[in-house]
Amino acid sequence: MAKHSEHPLIIECRCNEITPRGDNPALPHSPKEIIREAVRAWEAGASIFHWHGRDPETGKPRNDVELYLEVIEGIRAQTDLLIHPTLGYITQNQVEDRVRHILAVNDDPVLRVDMVPVDFGSLNVDFWDPQMGQFTTYDQVYVNTRNDLKAVLEVFKRHEIYVASICWDVGQMRTAHCFQEMGLLPRNTFWEFVFTGEVMPAGATSTIPALQAFVAEVPDDNQWLVLCWNGDVMRVASWAITMGGHVGIGLGDHHYSRFGKPHNGELVEKVVQLANMLGREVATPAQAREILKMPSRAQLPTKAVAVV
Ligand code: ZN
């Protein structure tokens, strides 16, 4: 199982998603808050940063290009993080809307994003209320038809944008392999496995057999990562660290109130500590680019420079 364990651990910070702030002010809405969390995560050891555009006042999901542009400029000015914005968790929208903010910066050698996420299937995403024994809604569908997938992959192929393949189950991995056969998804992709907590029974439970089922579908020379949406990632993270995978964590995925009111950097730090304990090195962003076989971005600030 240790076939990739020679690589340092890539940690992706997933700072906000569409998650309500609740009582933790560290969950970022505005571009300034998102940049603050990116810098904290980077200082703690994250090499990839993922976020969703949110209304600065209300926190509602917003996909305006300007909201993304401000964050990208802020992160690029202060860190060498790999930039990984969402395509917009806004269902039933047009492909053009989902890629507009990506293409807006793609001709700029500094601002262009490093990777984009593609979810390889549709999902029922209603929340389960374990106390009530009921779903809180019964009609919430995250739509990703194969037509949608084909359309976004064609755009990313044309513009040579690196794709992270987000898979909520093994069927989505098999779907992604079909798009590889079609020549639309590159053979070199970063597999991100979505485990989910009790309140979100749309993905895999955090068990070793579930992780093994995902890993069995990963080609030998590809890298993979675990994350847990609406649940605690730490157990599955420990297995991924020892099996040579990588880890995504952040307030967007889970509140982690067992640690108080942590900010995103503190969550990244917990994964760094876990890796240290288990004897695995943590990757710098430059190393992450190498591990994922991406072109280097030498013009970006490194930690030694940016700390000044
Ligand atoms: Zn996301």
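Residues numbered from 1 in each chain as written. Predicted model: local features only at pLDDT ≥ 70, side-chain atom pairs only at ≥ 80, totals over all residues. Heavy atoms only, no water.

**What about the overall build of the chain?**
And then number 1: When helices and strands are tallied, the chain shows 10 helices and 12 strands.
And then number 2: What you see for the chain is a C-alpha radius of gyration of 18 Å, in line with the 19 Å of a compact globule of 308 residues.
And then number 3: The principal-axis extents of the C-alpha atoms in the chain amount to approximately 55 × 45 × 45 Å.
And then number 4: Looking at the chain as a whole, 55% of its 308 residues qualify as buried.
And then number 5: Intrachain contacts of the chain at a sequence separation of at least 6 include 72% that bridge at least 24 residues.
And then number 6: Per element, the accessible surface of the chain, about 13300 Å² overall, is 54% carbon and sulfur. (Helix = DSSP H or I, 4+ residues; strand = E, 2+ residues; numbered from the N terminus. Rg over C-alpha atoms; globule rule 2.2 N^0.38 Å. Buried < 20%, exposed > 50% of the residue type's maximum accessible area, 1.4 Å probe, protein only. Contact = heavy atoms within 4.5 Å. Areas by Shrake-Rupley, 256 points an atom, 1.4 Å probe, with all protein chains shown as cover.)

**What to know about the pattern of salt bridges**
And then number 1: Considering all chains together, one arrives at 15 salt bridges under this definition.
And then number 2: Ionic pairing is found between Arg14 and Glu12, a salt bridge with its closest N-O pair at 3.8 Å.
And then number 3: Note on Arg14: relative accessible area 6%, which makes it buried.
And then number 4: For Glu12, a relative accessible area of 0% corresponds to the buried category.
And then number 5: For Glu181, the salt bridge identified is with Arg187, shortest N-O distance 3.4 Å.
And then number 6: Glu181 sits in the exposed class, given a relative accessible area of 62%.
And then number 7: Among the charged side chains, a network of salt bridges with common partners joins Glu12, Arg14, Glu17 and Asp253. (Salt bridge = Lys/Arg side-chain N within 4 Å of Asp/Glu carboxyl O.)

**A short note on the coordination of the zinc ion**
And then number 1: Coordination sphere of the zinc ion, protein contribution only: Glu17 (OE), Glu17 (OE), His50 (NE2) and His52 (NE2), at 2.0 to 2.5 Å.
And then number 2: Around the zinc ion sit 4 donor atoms; with metal-centred angles ranging over 53 to 136 degrees, the donor geometry is irregular.
And then number 3: For the zinc ion, all donor residues lie on one chain, and their spacing in sequence is E-x32-H-x1-H. Pair noted here: Glu17 is in the loop between strand 1 (11-14) and helix 1 (31-44) and His50 is in strand 2 (residues 48-51), with a separation of 33 residues, a long-range link. Residue Glu17 shares its accessibility class with His50, and that shared class is buried. (Donors = N, O, S within 2.8 Å, 3.2 Å for Na, K, Ca; no water. Tetrahedral: all angles 85-135°; square planar, octahedral: opposite > 155°, others 65-115°.)

**Regarding the packing of aromatic side chains**
And then number 1: All told, the structure shown has 11 aromatic pairs when counted by the stated rule.
And then number 2: With a centroid separation of 6.1 Å and 50 degrees between ring planes, the pair formed by Phe120 and Phe179 is classed as tilted. One end of the pair, Phe120, is in the loop between strand 4 (116-119) and strand 5 (123-124); the other, Phe179, is in helix 5 (residues 170-181), and 59 residues separate them in sequence. The pair formed by Phe120 and Phe179 is uniform in burial state, with each residue classed as buried.
And then number 3: Relative to Tyr138, the ring of Phe135 lies with its centre 5.7 Å away and its plane at 80 degrees, an arrangement referred to as edge-to-face. (Phe/Tyr/Trp six-rings, centres within 6.5 Å; stacked < 30°, edge-to-face > 60°.)

**Considering the side chain of His177**
And then number 1: Note on placement: His177 falls in helix 5.
And then number 2: For His177, a relative accessible area of 19% puts it in the buried group.
And then number 3: Sequence-distant contacts of His177, defined by excluding residues within four places in its chain, comprise Trp191, Glu217 and Pro219.

**Structural notes on the layout of surface pockets**
Gaps left between atoms show up when a probe the size of a water molecule is rolled over them.
And then number 1: The space that makes up the largest pocket amounts to roughly 400 Å³.
And then number 2: Looking at the largest pocket, it is lined by 19 residues, and the ones nearest its centre are Thr19, Pro20, Leu251, His254 and His255.
And then number 3: Taken together, the residues of the lining of the largest pocket break down into 7 nonpolar, 8 polar and 4 charged.
And then number 4: Considering only residue class, the lining of the second largest pocket consists of 5 nonpolar, 1 polar and 6 charged. (1 Å grid on protein atoms, 1.4 Å probe; cavity = no way out; pocket = protein on both sides within 12 Å on 5 of 7 lines; lining within 4 Å. Points joined across faces, edges and corners; volume = space filled by probe spheres on them. Nonpolar A, V, L, I, M, F, W, Y, C, P; charged D, E, K, R; others polar.)

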